[in-house]
Structures are given as structure tokens and as C-alpha cells.
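# Structural features, examined
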Amino acid sequence: MSVPARSLILTGALTALLAFTPAQSADPDLLGFTAERARSQMELEQRFSSQLQASNLEEWMRYIVSKPIYVGSPHNKETAEWMVEQFRSWGWQAELEEFQVLFPMPRTRQLELVAPTRFRARLQEPTLKEDATSNVAGRLPTYNAYSADGDVTGELVYVNYGIPADYEELARRGIDVKGKIVIARYGGSWRGIKPKVAYEHGAIGCIIYSDPRDDGYYQGDVYPEGAYRMKDGVQRGSVVDMPQYPGDPLTPGRGAKAETERYTVEESPVIMKIPVLPISYADAQPLLAALGGPVAPGSWRGALPITYHMGPGPARVHLKLEFDWSLKPAYDVIARIQGSEYPDEWVVRGNHRDGWAMGAGDPISGMVAVLEEARAIGELMKTGWRPRRTIIYAGWDGEEPGLLGSTEWAEQHAAELQQKAVLYLNTDGNGRGFLGAGGSHALESFVNQVAKSVTDPQTGVSAWQRTRAAQAVGGDREAMTRAELRISPLGSGSDYTPFLQHLGIQSLNVGFGGEGGGGSYHSQFDSFDHYSRFGDPGFHYGVALADVAGRIVLRFAEADVLPMRFAGLADNVRGYLGEVEKLADDQRAATERENKLIEEGAYKLAADPTETWIAPESKAEVPYFNFAPLQNAVRRLEEAATAYDRALPGFLAGNPNATTVQRVNDVLQGLEQRMMDEGGLPRRPWFRHRIYAPGFYTGYGVKTLPGVREAIEEREFDQVPDQVQRTAAAIERAAAGIEEATRALGAM
């Protein structure tokens, strides 16, 4: 489900910056380790790293993506059973855990232009001689999972990316989508937001296409000559309303076992209420060319050789979709090594193993790295080594339809995970380029240390150094001044979501990317042939990913004190508070300006007299909010973070006894859970984290301090005081936990 990384170029400036940047080596003072154990840890990691072989990744990918691997396909189960046998052969205990999940598959797909001319969409990707698996039997057709059934005909309206701001633009031109079918281009938000917003505005159907400006010949040569999406390529994908909750749509909060009580399809709040269909830009062009109405604004125009109009009509389309709404088996591969000293502290590592079609880049490029890590750890066990903490490796099924396998497993084992898990580490698709990391900000220092330990395959400097240089060349002013690179806050879109945002388990998501071309994402051309040419030729960055992730696992498994520092958490939360305060000020000023323009009639004066133009109604003024509870909570968090971070080195230098260390770790293990709110976020109680959440209208994109931020953004001003109090309380709980850990260090 991971979205393709934006292309970045290793410019001459970046090369020069690398040349003059001092080489970075692994920090000898490993976070969380005594000096003696730090030396043995680095030796362990070197032995692990020396075992990694690119040829294994290539061989395994070729096998796994030889046939379709979507939920319920025969090859999906074959590869699950094969993975279990691989883990067992490397010395792991391994098994399949099965869930019964709703995964609709299409019976009927029909789209046609019925006026002013006739055209029937092909709705099929072609076979290519350059792509060996493009004609393999059993591939999924092009569709959006969890679309509603429907047989609708109506006028067509072009809605750009189909996000709320686009409907405001339509309204200013007097264009209403009620009773009509909308066509939106991919991009601007997660795909499921487009039909969700269309339905809220009264549309009866939604078509989504990939415009070549965003994902095609405007970006570069198309497949098979280049990496980018060809004219008949289609992006499949789920449109389930994941911002409400991910996982099986019929069993929120409960593992979807055969005996689990379920919603009916009609009762589920997250299944789309209108039919939705993805198409290629070859199929989209005749529909868009038939539109009349106003010419679309410049920012709405794609790269097709037509004039982009908004409609409605005279284009009328007929859309008919029918689905098989049956349950399918989802098989999670679960492998573990029991910890020798702390068996009830779990380091959980996962990547999904299902794909929409062949799934080479998304997700198998990440899954084969997981397998190679597990094999190399198995080689360490042959020497007699055992991890101090329990390590669990997972291959999740059903991620693509909506994080099914990971969410069901996390919900099924929720109580035990909240008691025992010390980390969830996620990867998804991987490519060549720069190391990216996101997650819990208490792990920012830890990630920086690990990144300095791994060599970038292309440049020979550390992965940390190359990413830092790329950020500096890209205009990030603090990249060359801040001691540590920031890690990103996590929204959604991959399997960390249930662990971080529902259970409160600190999490990381890592991967390489930025230099590979797009175009294969969720198409049948996400194949071995495409990936081995354009994704990661030689699988060198697959090895780098295994090196990064493996070291993260090994350090968490072996550390004396869980490797956390809190300065990064406090600094980032302080930044998020500043953003929210600025959001309120900017919205207040913008509202005042807009209301003045409306009062003066400026909208009418500025309008094109040949177009219908409707000035917006005046908006309610933005009140001044009391952010003092948040300001006080963040100040306490900063003070607590400073005290803990100062005390930790001295504590480790004193070679503390096991009982004292355990007291510290017991507090740290549950620290992320202190940032949770059992009542959840407004409109979506499944999401309980008060610092990070996917946006209600962004899907994947993160909203930090989400309760407060979204109340302001959506002008629900009466909710802001309560959201401020709830968020401040969560930050206060986190600060109190850090203070408790500091006392356990003997420093307070």
C-alpha cells in the first residue's frame, strides 16, 4: 500500500556536499547499552551484516511474484506456507494464523460514455513481451475494493483531485455534483477520500484516473521503455474509509476469526456508499474531452492533449459495478525466537506479503529484506547466540485492501501486545535512494545512530550522511545545523497503524527510495521485470534495508535499557503546538480578509463575466483559543525529557543491576500508551493516539495533535477547548511517565 516516493536526483551539488562532509561512523556510545555491552553489540551487528546476500532477495522475489499474491489467491497461500518453512529452516518457531476477512472481488465492471458520443472503456491492461508476467492467469481485474455495487447514469463533472477544497472551487462557479458522476485524478490525497467527499456532496458515482502529468509521460518515458505509467496502466486500490478504522470492515476492534460477530455489509460504516472505479488515462481521455462547462483552472489541468473543462455535461456516463461480497482467508506468517532473559518483552518486525497484482515493488521488495534478516539472524543462532528479548517476525496478509492482516492480529492479541511489545518495526515497498524513517519521536536519536552504522550502496558514505546531504540540497535549512535528522510523524497507509495509533506501541517505519521512477504502483506491471530494471537493480538497497532493519531489531533485542531519548519527542511536539497556534492565527486572518471581500463585492467584480460565479457566504469569525493547557504540558514534557536524557549516560556507566534496569524498562515499555485517549478521536474512536493520526480527509497524510488541529481546520470551534484539554492531558501523562523513569534511574 505504500505510495511511490518522489523522484530525487543526485545532483552535482549533493555529490560535492558529500565530498566535504566529514565521514560519520557508528556512535561508540550506543544508546541503551553499557560500554562493555556496546562493544559486543557492534561485533554482533557486523557478523549479522556480513551474512546479507543480494542474490537471496532476487531469487525469492522472482518466486513470490511469479503468480498473483492477492488475498485468497492460490499463490498467496502457497507463498505463506513456503515462508513458514523458510523460517523453520533458519531455526525460528513459525506458524500461520488465519483470519476470515471481507474481500470483495468484481463480477461486473462497465463504464461507457453515452452522450454526446458513445465510447466504452476498455478497463484492461495489455500484455507486454517485455514483461514476462503481464499475461499470467488469475490476475485481479482493475477495480477499487469496497466500492459499492451500483448501476448509475448521470452527467459527468471533473473535480480535479476530489478533495474538499476542489468542491469549494466548484461551488464558486455554481457547479453542483448532486445526482451526477464525478471523475477525479489520482493524487492530492488518498484515493478513498475522493468517493467519500463525492458522496458527501451528493454524487452518485466516482471514477478515478491516473493523469499523465502526475503519473505518466509528463514525468518520463513510459513502460516498457521507461519506468512511468503507460496509457493503459491502472492503479488498483482500496477505497474503504480507513480514517474511521482499518482492518476487516465487518469486525472493528475484534480479530476477524470465523466465530467473530460481524456487521453486515450494509451496516459497515467504512464501505463506500457509491460505486467507484479506477481507469487508465487512455480510457479517461474520451470522457474528459466530452465535457463542457467552464475551462478548469490552471492548477486543475493535467497533461492530456485536450482542454480540461469542469462540466457538468454534456458528457453523460453509465457506470455499472457488481461485487462478490464473500469472506476470504487471510494468512499471517508469524515467526518467533524466545528471549533468553526477557521473554515477555517483544520486538515485533513486520512487512506485508500480499499485492494487488504481482506486487514486486509493493510489497515484496520489503518482504524479501525481512526474510534475509531472518536468515542472517538464524546464522547468528547457529553460533549459540540467543536474543535477550523475544523477536517476532511477521508477514502480513491483506494489507492492500485495508491493513487487514496486521490489524486483525493486533486486535486479536491486543492485551498481550500492550503488556509486552517494546517496539513495532515496519517496512513496506523499498527502492534505491535515500533512507527515510518515521515513527515515535522518542526513537529519533536511536534511528540516527543506526543510520550512521549502515553504508549507502551507491555513495559509500553512511545512509545517515547521504540522507542529510539530500535534505540540505533540497532546501531543508536545519539539516546542516540540527544535530539529528528528524524522523517523520506517521499517518497511515501501512501496517504500523494498529500498533501505534490503536494500541499505543511505539513504532517505526523505514525504507529507501527517491531515485526510482513511478508508474508500476498497483498495476500488473509491478513485476519482477519492472522492479529489477527500475526499482533496485542488483537488489543492493534491499540489502541496505535488511541491514538497517536488522540492526534496529538486534539493538532493541539486546539493549540494557530500551534505547529511547526524549529530547526529540519534546522538540517535535513543541513544533506541532506552534503549527496549531499558527493555524488558528492564519485561519482567523484569512477569514477576516475573505469576509471583507464578500462584503465589498470583490468576488463579483473579479469574476469572468462569461462564467457563472457565486461568491461564498460569509464565514463565522475564528475565536481566540486558550492554548495554555497545551503550552504548560509541553513545557513539562521538555523539562522531563531533559532530566531523563541527562541522567541515562551516568546510569549506564554505573553498570546498574538487573532489578533497577527492569524497573526503568517497565516504565519505558508503556510510555507510548500514556499518549493514548481511551475515548479516541472525534468521529473515530478506533484512533486513540493524541499526537499522531491519519487525517479524516487525507487518509494517509498525518495530522499531528489531530484532535485540536482538525477541529480548527474544519471550523468545529466549539470542540477546540475539549480537544486542547484532552491532548494536554495525554502530554502530561507522557511527561509523568518520563519523570517516573528518571526516578527509577536514581536521578530524581
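Description of the structure in this document. Since the model is a prediction, treat every value here as computed from it, not as a measurement.

### Details of the overall build of the chain
Secondary structure assignment for the chain yields 23 helices and 18 strands. For the chain, whose C-alpha radius of gyration is 26 Å, the value lies close to the compact-globule estimate of 27 Å for 748 residues. Principal-axis analysis of the C-alpha atoms gives the chain an extent of 80 × 60 × 60 Å. Looking at the chain as a whole, 63% of its 748 residues qualify as buried. In the chain, 80% of the contacts between residues at least 6 apart in sequence involve partners at least 24 apart. Of the roughly 26,800 Å² of accessible surface on the chain, 49% is carried by carbon and sulfur atoms. Each charge class in the chain was averaged separately, 77 positive and 98 negative side chains, and the resulting centres sit 1 Å apart.

### Points about the sheet that holds strand β3 (residues 119–120)
Two orientations exist for strands paired in a sheet by backbone hydrogen bonds: parallel and antiparallel. Reading across from one edge, β3-β2-β10-β5-β6-β7-β9 is the order of the seven strands in this open sheet, with mixed pairing throughout. Every interior strand has two partners, whereas the edge strands, β3 and β9 (276–279), have only one. Sheet topology places strand β6 (residues 181–185) next to strand β7 (residues 205–209); five bridges connect them, and they run parallel. Each bridged residue has a counterpart across the sheet, and for Ile-181 the counterpart in β7 is Gly-205.

### Brief notes about the packing of aromatic side chains
Applying the stated criterion to the full structure yields 28 aromatic pairs. For the ring pair Phe-87 and Trp-90, a centre distance of 5.9 Å and an interplane angle of 70 degrees mean the geometry is edge-to-face. Their ring planes at 40 degrees and their centres at 5.9 Å tell us that Trp-396 and Phe-499 sit as a pair that is tilted. Taken together, the positions of Trp-396 in strand β13 (residues 389–396) and Phe-499 in helix α15 (residues 497–502) put the pair 103 residues apart, joining distant regions of the chain. Taken together through their ring pairs, the aromatic side chains of Trp-60, Phe-87, Trp-90, Trp-92 and Tyr-393 make up a single cluster. Looking at Arg-588, its charged tip hangs above the ring of Tyr-624, at a distance of 3.8 Å from the centre. Geometry around Phe-696 places Arg-683 over its ring, the cationic atom sitting 3.8 Å from the centre.

### Things to note about the sheet that holds strand β15 (residues 433–439)
Pairing in this open sheet of seven strands is mixed, and the strands run β1-β11-β13-β12-β14-β16-β15 from one edge to the other. Lying at the two open borders of the sheet, with one neighbouring strand each, are β1 (93–102) and β15. Recorded for the sheet is a direction-independent mean angle of 20 degrees between the axes of neighbouring strands. Sheet topology places β15 next to strand β16 (residues 507–514); seven bridges connect them, and they run antiparallel. Bridged to Gly-436 within β16 is Gly-511. Lying over the sheet, helix α21 (residues 658–669) contacts β12 (342–352), β13 and β14 (421–426), oriented at roughly 35 degrees with respect to β12.

### Some details on unusual backbone geometry
Between Ala-115 and Pro-116 the backbone carries a cis peptide bond, its omega angle lying at 0 degrees. Relative to the assigned elements, Pro-116 resides in the loop between β2 (105–115) and β3. The omega torsion of the bond from Asp-362 to Pro-363 falls at 15 degrees, within 30 degrees of zero and hence cis. Its place among the elements puts Pro-363 in helix α9 (residues 360–382). Positive phi outside glycine occurs at Tyr-146, with the angle close to 75 degrees. With respect to the secondary-structure elements, Tyr-146 resides in the loop between β4 (144–145) and β5 (150–158). Of the residues examined, Tyr-146 reaches a relative accessible area of 0% and is grouped as buried.

### Some details on the pairing of β6
For β6, a buried count of five out of five residues is recorded, marking the element as mostly surrounded by other parts of the structure. Of the two faces of β6, the one holding Ile-181, Ile-183 and Arg-185 and the one holding Val-182 and Ala-184 are both buried throughout. In terms of strand pairing, β5 meets β6 through three bridges, oriented parallel. By the bridge assignment, Tyr-158 is partnered in β6 with Ile-183. In this fold, β6 hands off to helix α6 (residues 193–200), which returns the chain to β7; that crossover is right-handed.

### Quick look at the packing of helix α3 (residues 54–64) against α9
With their axes 9 Å apart at the nearest point, α3 and α9 run at an angle of 130 degrees to one another. Considering the angle they form, α3 stands oblique to α9. Here the hand of the crossing between α3 and α9 comes out right-handed. Of the residues in α9, those in contact with Asn-56, Leu-57, Trp-60, Met-61 and Ile-64 of α3 are Ala-360, Ile-364, Ser-365, Val-368, Ala-369, Leu-371, Glu-372 and Arg-375.

### Considering the pattern of salt bridges
Summed over all chains, the structure comprises 51 salt bridges. Measuring nitrogen to oxygen at the nearest pair gives 3.1 Å for the salt bridge that ties Lys-257 to Glu-97. Taken together, the positions of Lys-257 in the loop between β8 (237–238) and β9 and Glu-97 in strand β1 put the pair 160 residues apart, joining distant regions of the chain. Like Glu-97, Lys-257 is buried.

### A few points about the environment of Asp-428
Here Asp-428 lies in the loop between β14 and β15. Residues Asp-428 and Asp-495, spaced 67 residues apart in sequence, show a C-alpha to C-alpha distance of 8.3 Å. Only 3.1 Å separates the side chain of Asp-428 from the side chain of His-352, close enough to count as a polar contact.

### Structural notes on the packing of α21 against helix α23 (residues 720–744)
One can describe the packing of α21 onto α23 by two numbers: an axis separation of 9 Å at closest approach and a directional angle of 175 degrees. Classified by the angle their axes make, α21 and α23 are roughly antiparallel. Counting all contacts with α21, which are made through Thr-660, Arg-663, Val-664, Val-667 and Leu-668, the residues of α23 involved are Gly-737, Glu-740, Ala-741 and Ala-744. Residues that form the contact of α21 with α23 fall into these classes: five nonpolar, two polar and two charged.

### Overview of α3
It helps to recall that an α-helix has 3.6 residues per turn; residues three or four apart then point in one direction. Among the residues of α3, those classed as buried are Asn-56, Leu-57, Trp-60, Met-61 and Ile-64. Taken around the axis of α3, the buried residues stretch over an arc of 125 degrees, which confines them to a single face. Against α4 (74–89), α9, α16 (528–535) and α17 (540–558) lie the buried residues of α3.

About the cut-offs
Residues numbered from 1 in each chain as written. Predicted model: local features only at pLDDT ≥ 70, side-chain atom pairs only at ≥ 80, totals over all residues. Heavy atoms only, no water. Helix = DSSP H or I, 4+ residues; strand = E, 2+ residues; numbered from the N terminus. Rg over C-alpha atoms; globule rule 2.2 N^0.38 Å. Buried < 20%, exposed > 50% of the residue type's maximum accessible area, 1.4 Å probe, protein only. Contact = heavy atoms within 4.5 Å. Areas by Shrake-Rupley, 256 points an atom, 1.4 Å probe, with all protein chains shown as cover. Lys, Arg positive; Asp, Glu negative; His and termini not counted. Charge placed at Lys NZ, Arg CZ, Asp CG, Glu CD. Pairing = 2+ DSSP bridges. Phe/Tyr/Trp six-rings, centres within 6.5 Å; stacked < 30°, edge-to-face > 60°. Lys NZ or Arg CZ within 6 Å of the ring centre and 35° of its normal. Axes fitted to C-alpha atoms, helices over the stretch in contact; angles between N-to-C directions. Right-handed = clockwise from strand over helix to strand, strands pointing away. Parallel < 35°, antiparallel > 145°, perpendicular 65-115°, else oblique. Left-handed = near helix turned anticlockwise from the far one by under 90°. Salt bridge = Lys/Arg side-chain N within 4 Å of Asp/Glu carboxyl O. Polar contact = N/O pair within 3.5 Å; in protein donor to acceptor, adjacent residues only side chain to side chain. Nonpolar A, V, L, I, M, F, W, Y, C, P; charged D, E, K, R; others polar. Arc of directions from axis to C-beta.

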